[in-house]
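Structure assessment
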Amino acid sequence: MGFYRIAKTFEVESGHRLCKHPEKCRFPHGHSLRIEIVARGRKLDQNDMVCDYKALKVLVTEVVGRLDHVMALNSEDPHLEAFRAVGERMLLFEGQDPTTEVLAKWIYDGVSARLASAESVTSDAGVAYPVPRDLELERVRVWETRTSWAEYVGLDD
């Protein structure tokens, strides 16, 4: 049995430091991340959609927004206290460097959790959008640069 796919892309500015990296990436630096969310469903709703893009945007924004203008760090970074001294906008990854692969899985897990618990979402304008029960998060792709991306795929085809 086939399925439909929909995708929505988000962009955030984010910094990180890869303390395990042997070269330049061990220094704090930033990226304009482009994040692609791909969801799927087997049937269309009464509006002939898998899911309204607005509902997908509301579901994803809470998770992806946590990356916007933060410094992502490994919780075991030897310079963690120095980063804490200069700012509070940090996102820690337990024992892992916040590589693009780690970010893709973190986003996948966060969006999956929201998707599993949401029957509907409400837009900024106060409009309620249903979240189809059969909607599944298929993959998250994170573009770190124009030429480099990592992806986490959570479903079997």
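Residues numbered from 1 in each chain as written. Predicted model: local features only at pLDDT ≥ 70, side-chain atom pairs only at ≥ 80, totals over all residues. Heavy atoms only, no water.

With respect to the pattern of salt bridges
Throughout the structure, instances matching the rule amount to ten salt bridges. Through salt bridges with shared partners, a single network forms among Arg5, Arg40, Glu136, Glu138, Arg139, Arg141 and Glu151. (Salt bridge = Lys/Arg side-chain N within 4 Å of Asp/Glu carboxyl O.)

As for the packing of helix α1 (residues 53-64) against helix α3 (residues 100-117)
Where α1 meets α3, the axes come as close as 9 Å, and the angle between the chain directions of the two elements is 135°. One finds that α1 runs oblique with respect to α3. Of the two possible hands of crossing, α1 and α3 adopt the one that is right-handed. Taken together, the residues of α3 that come into contact with α1 (itself represented by Val58, Leu59, Val60, Glu62, Val63 and Val64) are Trp106, Ile107, Gly110, Val111, Arg114 and Leu115. When grouped by side-chain class, the residues that make up the contact of α1 with α3 number nine nonpolar, one polar and two charged. (Axes fitted to C-alpha atoms, helices over the stretch in contact; angles between N-to-C directions. Helix = DSSP H or I, 4+ residues; strand = E, 2+ residues; numbered from the N terminus. Parallel < 35°, antiparallel > 145°, perpendicular 65-115°, else oblique. Left-handed = near helix turned anticlockwise from the far one by under 90°. Contact = heavy atoms within 4.5 Å. Nonpolar A, V, L, I, M, F, W, Y, C, P; charged D, E, K, R; others polar.)

Re the sheet that holds strand β8 (residues 148-153)
The strands making up a sheet associate through backbone hydrogen bonding, with each pair oriented either parallel or antiparallel. Here six strands make up an open sheet; going across it, the order is β4-β3-β1-β2-β7-β8 and the pairing mixed. Each edge of the open sheet carries a strand with a single partner, namely β4 (90-93) and β8. With strand direction ignored, the average angle separating the axes of adjacent strands in the sheet is 35°. Judged from the six bridges that link them, strand β7 (residues 136-145) and β8 form a sheet pairing that is antiparallel. Bridged to Arg141 within β8 is Glu151. α1 contacts β1 (4-16) and β2 (29-41) of the sheet and is inclined by roughly 25° relative to β1. Of the strands in this sheet, β2, β4, β7 and β8 touch α3, which is tilted by about 150° from β7. (Pairing = 2+ DSSP bridges.)

Notes on the side chain of Arg40
You can see Arg40 is positioned in strand β2. Within the structure, the side chain of Arg40 is placed 3.4 Å from the side chain of Glu138, a separation counted as a polar contact. (Polar contact = N/O pair within 3.5 Å; in protein donor to acceptor, adjacent residues only side chain to side chain.)

Topic: empty space enclosed by the protein
All told, the structure shown has two cavities of 30 Å³ or more when counted by the stated rule. The space that makes up the largest cavity amounts to roughly 50 Å³. Forming the walls of the largest cavity are Ser14, Gly15, His16, His31, Leu33, Pro98, Thr100, Leu103, Val142 and Glu144. Mapped onto the lining of the largest cavity, the elements with two or more residues apiece are β1, β2, α3 and β7. (1 Å grid on protein atoms, 1.4 Å probe; cavity = no way out; pocket = protein on both sides within 12 Å on 5 of 7 lines; lining within 4 Å. Points joined across faces, edges and corners; volume = space filled by probe spheres on them.)

Things to note about the packing of aromatic side chains
By the definition in use, this model includes three aromatic pairs. A centroid spacing of 5.8 Å and a plane angle of 70° characterise the contact between Phe93 and Trp106, whose relative ring orientation is edge-to-face. In this pair, Phe93 sits in strand β4 while Trp106 sits in helix α3, placing the two residues 13 residues apart along the sequence. Using a relative accessible area of 5% as the deciding quantity, one classes Phe93 as buried. In this structure, Arg40 is placed above the aromatic ring of Phe3, and the distance from its NZ or CZ to the ring centre is 4.2 Å. (Phe/Tyr/Trp six-rings, centres within 6.5 Å; stacked < 30°, edge-to-face > 60°. Buried < 20%, exposed > 50% of the residue type's maximum accessible area, 1.4 Å probe, protein only. Lys NZ or Arg CZ within 6 Å of the ring centre and 35° of its normal.)

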